Amino acid sequence: MKHLMTVSMLAILLAACSSTNTTDIEGQTEGNSTEQSTVEENEISKAEDEARTNEETNIENQHEEQTNQADPFPETEVLAQHIDLDQLEQQIVEDNPGKRVMLLVSPEGEKEYKSVFIKETSRLKIIPIGPGAPLYNDTI
């Protein structure tokens, strides 16, 4: 009978110890899982930041390329045929999907010409500021 009680007590003790170990192991596994997910989240966040930075750099490079182009607008060639663009500064007044309005200003700051380019029909009007008929009114 003593043996039976001893064996029963040992079985209960072993069962209690093994469930404690299981809890500890599960806790460690959960800790490792949490650490792994945090590491994965950090890696994803870094990748997203890098992709965002690359996209911003590409946009800046495209803008810089457009700025560096000597002839960014299709109407510039026709403007150059009718007006000495080397003596005038081009100031964009309006540029939307439908039309682009540009003022051509002298070095003294006087407005000399107005250019209106209708994008859908590719119509260009070059109008002198002051009296006079348009210098150009046709499609390009």
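Given the structure is predicted, the values throughout are model-derived calculations rather than measurements.

### What to know about the overall build of the protein
Move 1: Of regular secondary structure, the protein possesses 2 helices and 5 strands.
Move 2: Counting from the amino terminus, helix and strand elements in the protein follow one another as α-α-β-β-β-β-β.
Move 3: Here the protein holds 140 residues, and 16% of them are scored as buried.
Move 4: Counting only contacts in the protein whose residues sit at least 6 apart along the sequence, the fraction spanning at least 24 positions is 22%.
Move 5: Carbon and sulfur atoms make up 52% of the accessible area of the protein, which totals about 10800 Å².

### As for the sheet that holds strand β5 (residues 136-139)
The strands making up a sheet associate through backbone hydrogen bonding, with each pair oriented either parallel or antiparallel.
Move 1: An order of β1-β2-β3-β4-β5 is seen for the 5 strands of this open sheet, with the pairing classed as antiparallel. Looking at which strands have only one partner, the edges of the open sheet turn out to be β1 (89-95) and β5. Averaged over all adjacent pairs, the angle separating strand axes in this sheet is 15°, with direction ignored.
Move 2: In the sheet, strand β2 (residues 99-105) pairs with strand β3 (residues 111-118) via 7 bridges, with the strands oriented antiparallel. For Val105, the partnering residue across the bridge sits in β3 and is Lys111.

### Some points on the confidence of the model for the protein
Move 1: Per-residue confidence for the protein gives a mean pLDDT of 78; residues scoring 70 or more make up 64%.
Move 2: Within the protein, the lowest mean pLDDT, 64, falls on helix α1 (residues 2-68), and the highest, 96, falls on β2.

### Focus on the nonpolar core
Move 1: Ranked by size, the top nonpolar core spans 12 residues in total: Phe73, Val78, Leu79, Ile83, Leu85, Leu88, Met102, Leu104, Phe117, Leu124, Ile126 and Tyr136.
Move 2: Secondary-structure elements contributing two or more residues to this core are α2 (76-82), β2 and β4 (123-128).
Move 3: Sequence-distant contacts of Met102, defined by excluding residues within four places in its chain, comprise Phe73, Glu75, Leu79, Gln90, Gln91, Ile92, Val93, Tyr113, Lys114 and Ser115.

### Structural notes on the pairing of β2
Move 1: Taken across its 7 residues, β2 has 6 buried, putting it largely inside the fold.
Move 2: Examined bridge by bridge, β1 and β2 share 6 bridges and lie antiparallel to one another. Bridging from a neighbouring strand, Glu94 pairs with Val101 of β2.
Move 3: Counting the residues between successive antiparallel strands, the hairpin from β1 to β2 contains 3 residues.
Move 4: What sits between β2 and β3 in their antiparallel hairpin is a turn of 5 residues, with Gly109 showing a positive phi close to 95°.

### Some thoughts on the pattern of salt bridges
Move 1: Evaluation of the coordinates by the stated rule reveals 3 salt bridges.
Move 2: With its nearest N and O atoms 2.6 Å apart, the salt bridge here joins Lys119 to Asp95. With Lys119 in the loop between β3 and β4 and Asp95 in strand β1, this pair connects stretches of sequence that are 24 residues apart.
Move 3: Judged by relative accessible area, which is 25%, Lys119 ranks as partly exposed.
Move 4: Judged by relative accessible area, which is 42%, Asp95 ranks as partly exposed.
Move 5: Connected via shared salt-bridge partners are Glu75, Asp95, Arg100 and Lys119.

Reading guide: rules and limits
- Residues numbered from 1 in each chain as written.
- Predicted model: local features only at pLDDT ≥ 70, side-chain atom pairs only at ≥ 80, totals over all residues.
- Heavy atoms only, no water.
- Helix = DSSP H or I, 4+ residues; strand = E, 2+ residues; numbered from the N terminus.
- Buried < 20%, exposed > 50% of the residue type's maximum accessible area, 1.4 Å probe, protein only.
- Contact = heavy atoms within 4.5 Å.
- Areas by Shrake-Rupley, 256 points an atom, 1.4 Å probe, with all protein chains shown as cover.
- Pairing = 2+ DSSP bridges.
- Axes fitted to C-alpha atoms, helices over the stretch in contact; angles between N-to-C directions.
- pLDDT = per-residue confidence, 0-100.
- Core = buried A, V, L, I, M, F, W, Y, C linked by side-chain atoms within 4.5 Å.
- Salt bridge = Lys/Arg side-chain N within 4 Å of Asp/Glu carboxyl O.

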